[in-house]
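What follows is each chain in one-letter form.
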Amino acid sequence: NRFLDRVSLLNSFEIRWMMFGFSAGSETFDFVLVPFYDVGRVFSSLSTKEFDSTKWRSSYGASLMVVWDLATVIRFTYGLSEEGETITIDFGYIF
């Protein structure tokens with residue numbers, strides 16, 4: 001697999017913007033827009049000859065997070081890269 005090796009490096013950049021929120025009884029709901037940009041690469045070793053900048057891969061996209069009482073998070077994500085595009089649904093914070 002070309003995305004697996006002994007060493008990997010990933011940088012993720014995202015901005016979280018709370019668009020709006022509301023309360024229903026004792027429950028609170030927030031809707032958060034999260035644009036992101038990722039760049040990374042795998043290496044077979046830490047030698048400096050492998051840090052060729054032309055082989056780095058990047059992706060970008062946006063997520064919509066629905067946050068319920070700051071504890072339950074549903075994240076709908078659309079991402080794009082030179083490999084294609086994807087739509088995912090995740091539960092919980094990614095970090």
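First, a word on scope: everything that follows refers to the structure included in this document. Predicted, not measured: the structure shown is a model, and the values here were computed from it. (Residues numbered from 1 in each chain as written. Predicted model: local features only at pLDDT ≥ 70, side-chain atom pairs only at ≥ 80, totals over all residues. Heavy atoms only, no water.)

## What to know about unusual backbone geometry
Piece 1. Of note, the phi angle at Asp69 is positive, near 55°, even though the residue is not glycine.
Piece 2. Here Asp69 lies in the loop between strand 4 (57-68) and strand 5 (72-81).
Piece 3. Of note, Leu70 is a non-glycine position whose phi angle comes to about 60°, a positive value.
Piece 4. The residue Leu70 is located in the loop between strand 4 and strand 5 in this model. (Helix = DSSP H or I, 4+ residues; strand = E, 2+ residues; numbered from the N terminus.)

## Some thoughts on the packing of aromatic side chains
Piece 1. The full count for this structure, using the stated rule, is five aromatic pairs.
Piece 2. An angle of 20° between the planes, with centres 4.8 Å apart, marks the rings of Phe20 and Phe31 as stacked. Here Phe20, found in strand 2 (residues 17-24), pairs with Phe31, found in strand 3 (residues 27-43); they are 11 residues apart in sequence, far enough to count as distant.
Piece 3. The class of Phe20 is partly exposed, set by a relative accessible area of 44%.
Piece 4. Plain terms: the ring middles of Phe29 and Trp68 are 5.7 Å apart, the flat faces sit at 15° to each other, and that makes the pair stacked. Separated by 39 residues along the polypeptide, Phe29 in strand 3 and Trp68 in strand 4 bring together distant segments of the chain.
Piece 5. Pairwise contacts between aromatic rings join Phe20, Phe22, Phe29, Phe31 and Trp68 into one cluster. (Phe/Tyr/Trp six-rings, centres within 6.5 Å; stacked < 30°, edge-to-face > 60°. Buried < 20%, exposed > 50% of the residue type's maximum accessible area, 1.4 Å probe, protein only.)

## Re the pattern of salt bridges
Piece 1. In total, this model carries three salt bridges according to the counting rule given.
Piece 2. Between Glu14 and Arg16 there is a salt bridge, with the nearest N and O atoms lying 2.7 Å from each other.
Piece 3. On the basis of relative accessibility, which here comes to 36%, the residue Arg16 falls in the partly exposed class.
Piece 4. Linking Arg57 and Glu82 is a salt bridge whose minimum nitrogen-to-oxygen distance equals 3.6 Å. Residue Arg57 is found in strand 4, and its partner Glu82 is found in the loop between strand 5 and strand 6 (84-91); the two are separated by 25 residues along the sequence.
Piece 5. On the accessibility criterion, Arg57 (36% relative accessible area) is partly exposed.
Piece 6. Linked through salt bridges whose partners overlap, the residues forming this network are Glu14, Arg16 and Arg75. (Salt bridge = Lys/Arg side-chain N within 4 Å of Asp/Glu carboxyl O.)

## A closer look at the environment of Tyr37
Piece 1. The topology assignment puts Tyr37 in strand 3.
Piece 2. For Tyr37, a relative accessible area of 41% puts it in the partly exposed group.
Piece 3. Along the sequence, Tyr37 and Asn11 sit 26 residues apart, while their C-alpha atoms lie 8.4 Å from each other.
Piece 4. In this structure Tyr37 touches Asn11, Ser12, Phe13, Ser58, Ser59 and Tyr60, once residues within four positions along its chain are discounted. (Contact = heavy atoms within 4.5 Å.)

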